[in-house]
Amino acid sequence: MADPGDARGRPSEIVVVDGRVYHLGLRAFELAENLLLVGDPARAYVVASRFERVDHELKHREFVTLTGSHRGLRLSVIGTGIGPDNVEIALVEAWALATLDLATRLRRPASGPDRARPLTVIRVGTSGGMREELPAGTLVVSSYAIGLDSTGPYYEGPPADATVTALERAARRAIDEGVRPGSRFAGAFVPYASRAAPAVVGALERHAARAGARFATGATVTAPGFFGPSGRHLDGVTNTVADVKLRLGRIEVAGVRVLNMEMESSLLFHLSALLGIRAGTICPTISNPASHGSVLDPAPLVAQAIDIALAAMHDVTHGTARPAAGGAAPQ
């Protein structure tokens, strides 16, 4: 009997209005296959300021997209807003623009003038450090991500490797140990893990080193919210998982340490792997567990991360990127 959840060969249920995907508002020719994602829509303009030219600019709903050329490479940047749910929408619609015939919602051929275009996606954002020994201001190249969100598990897929499985087990154990006795939500948390594309990780590491950046490679925790899910206390409110950031920040498996927390990468890596997209993330840490809530000015750190991401994108696109050598120590 066929698996009712197996939708291979069926048209994708992408909403298209007048040739434009519903949320991004883009037509296929307005998006490049080389794509940077940023959370802050204003940061999209910072990325685009590096372009030689901007050919398309569109603001639709909360999304901002600019497409142009960087050192001769056609490139787009999308400001997605915050959270894995927004990344899901942006990523799926970008994939649809690059991969599907929007009239039939079926995949375009793998060759020929109207062929599908494989995407490469690099996220550039900000994050909070999760280890006291990792100084604020360190750029983190994410080799893996641990998702606390509920969006990723809606997409079935095997773990990329044994490290993904080990991270999931460690994260579930850490969460379960932190849930308060008698909690109404005991057993409700099922963290998942995902892996970035090794070639993208390797390119980001190489160009971070060439730039002389202080960086480290490791696992990133993706929280679905900025306050309670990230372990922040609110007066009069009890967090279901006590010290979630501290507990997850102790995880180290197979030589991979949890280094930072942000709000997008777990879904990005998981869904990209299923859709055939090469994806990675570089995020500066603008805080440290010992800094008592103070944060660094993110602008110069983000600027450095953008330049590294752009250089890495050229490597990946031109086929010169090599897989990551493994989790790097802070440089």
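Look above for the structure.
Just so we're clear, the structure is a prediction, and the values are computed from it rather than from any experiment. (Residues numbered from 1 in each chain as written. Predicted model: local features only at pLDDT ≥ 70, side-chain atom pairs only at ≥ 80, totals over all residues. Heavy atoms only, no water.)

**Some words on helix H7 (residues 298-317)**
Part 1 of the argument: Taking 1.5 Å per residue as the helical rise, H7 with its 20 residues ought to reach 28 Å, and the 28 Å between its terminal C-alpha atoms agrees with that figure.
Part 2 of the argument: Immediately beyond the C-terminal end of H7, within one or two residues, lies Gly-319, with a positive phi of roughly 80 degrees. (Helix = DSSP H or I, 4+ residues; strand = E, 2+ residues; numbered from the N terminus. Expected span 1.5 Å × (residues − 1).)

**Quick word on the pairing of strand E3 (residues 34-38)**
Part 1 of the argument: A large share of E3 lies buried, amounting to five of its five residues.
Part 2 of the argument: Here E3 shows a buried face lined by Asn-34, Leu-36 and Val-38 and a second buried face lined by Leu-35 and Leu-37.
Part 3 of the argument: Taken together, the four bridges between E3 and strand E9 (residues 120-124) define a ladder with parallel strand orientation. Across the sheet, Leu-37 pairs through a bridge with Arg-123, a residue of E9.
Part 4 of the argument: Pairing of E3 with strand E6 (residues 73-79) involves four bridges; the strand directions are parallel. (Buried < 20%, exposed > 50% of the residue type's maximum accessible area, 1.4 Å probe, protein only. Pairing = 2+ DSSP bridges.)

**Observations concerning the pattern of salt bridges**
Part 1 of the argument: Applying the stated rule across the entire model yields twelve salt bridges.
Part 2 of the argument: Between Arg-27 and Glu-30 there is a salt bridge, and its shortest N-O distance comes to 2.9 Å.
Part 3 of the argument: On the basis of relative accessibility, which here comes to 30%, the residue Arg-27 falls in the partly exposed class.
Part 4 of the argument: Asp-307 is paired through a salt bridge with Arg-50; the nearest N and O atoms lie 3.0 Å apart. Placement of the pair is Asp-307 in helix H7 and Arg-50 in the loop between helix H1 (41-48) and strand E4 (53-60), with a sequence separation of 257 residues.
Part 5 of the argument: A relative accessible area of 25% places Arg-50 in the partly exposed class.
Part 6 of the argument: Here the salt bridges do not stand alone but share partners, grouping Arg-20, Arg-27 and Glu-30 into one network. (Salt bridge = Lys/Arg side-chain N within 4 Å of Asp/Glu carboxyl O.)

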